[in-house]
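# Fold and contact review
This is what each chain is made of:
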Amino acid sequence: MADVFNDYNRQICLVFAEIEAAQHEVALKLGLTDSAMLILYNVYLGGGSCLLSDITLWASKQTINSALRKLEAEGVVRLEIFSGRKKQVVLTEKGRELTQSTVRRWIQKENEIADELTQEERDLYLELTRRYLTGVKEKLREL
């Protein structure tokens, strides 16, 4: 089976796995689970609230719902009806304080990483990543 992978694909998989492992380590260093980090990151980027459906794009509904229940019980977030059956996740005051000391700190570090690249490098990275994603989606339809 391993002979199917060419060297490029092997390297891509290793890099993606290392990025995922590093993101896990970030969450741990900030005292959060991976799921809590994912939720709080998305809600923070949304200015303090975001649709639940936007978060469940990134992980299974069961995983997200379990983490949400814990964050709700801790008084970090609350769920509100947005429209019809759509729900949004909203930071509480405690959640705002928590995201300032965790998610915001990490986003600042991500900005530092991006600032180390030239504009051309950032543009190229985005262009190639989007092309790769488009290819993945096209090939997914063929399965």
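The text that follows walks through the structure, step by step, so that each part is easy to find.

Cut-offs used in this document
Residues numbered from 1 in each chain as written. Predicted model: local features only at pLDDT ≥ 70, side-chain atom pairs only at ≥ 80, totals over all residues. Heavy atoms only, no water. Helix = DSSP H or I, 4+ residues; strand = E, 2+ residues; numbered from the N terminus. Buried < 20%, exposed > 50% of the residue type's maximum accessible area, 1.4 Å probe, protein only. Contact = heavy atoms within 4.5 Å. Phe/Tyr/Trp six-rings, centres within 6.5 Å; stacked < 30°, edge-to-face > 60°. Salt bridge = Lys/Arg side-chain N within 4 Å of Asp/Glu carboxyl O. Core = buried A, V, L, I, M, F, W, Y, C linked by side-chain atoms within 4.5 Å.

### A few points about the side chain of Ser35
Considering the arrangement of structural elements, one finds Ser35 in helix H2 (residues 34-45). Residue Ser35 is classed as buried on the basis of its relative accessible area, which comes to 16%. Not counting residues within four places of it along the chain, the set of residues in contact with Ser35 comprises Thr63 and Ala67.

### What about the packing of aromatic side chains?
For the coordinates displayed, the defined rule picks out 1 aromatic pair. A ring pair is formed by Phe16 and Tyr132, whose centres lie 6.1 Å apart and whose planes are at 70 degrees; its orientation type is edge-to-face. Taken together, the positions of Phe16 in helix H1 (residues 7-29) and Tyr132 in helix H7 (residues 119-142) put the pair 116 residues apart, joining distant regions of the chain. The exposure class of Tyr132 is partly exposed, given its relative accessible area of 32%.

### Thoughts on the pattern of salt bridges
The final tally for this structure, using the stated rule, is 7 salt bridges. Lys70 serves as the salt-bridge partner of Glu74, at 2.9 Å between the closest nitrogen and oxygen. The shortest N-O distance in the salt bridge between Glu93 and Arg96 comes to 3.7 Å. Of this pair, Glu93 and Arg96 both sit in helix H5 (residues 93-101), separated by 3 residues, roughly a single helical turn. The partly exposed category is assigned to Glu93, whose relative accessible area is 49%.

### Re the side chain of Thr92
Along the chain, the position of Thr92 falls in the loop between strand S3 (86-91) and H5. Apart from residues no more than four positions distant in its own chain, Thr92 is found in contact with Gly75, Val76, Val77 and Arg78.

### Quick word on the environment of Arg10
Its place among the elements puts Arg10 in helix H1. Judged by its relative accessible area of 34%, Arg10 falls in the partly exposed class. In sequence terms Arg10 and Glu138 are 128 residues apart; their C-alpha atoms lie 20 Å from each other.

### Let's talk about the nonpolar core
Of all hydrophobic cores here, the largest spans 22 residues; its most connected members are Ile39, Leu40, Val77 and Val89. Looking at this core, the elements that each hand over two or more residues are H1, H2, helix H3 (52-55), helix H4 (61-73), S3 and helix H6 (103-115). Among the elements that line this core, the one with the most residues is H2, at 5 residues.

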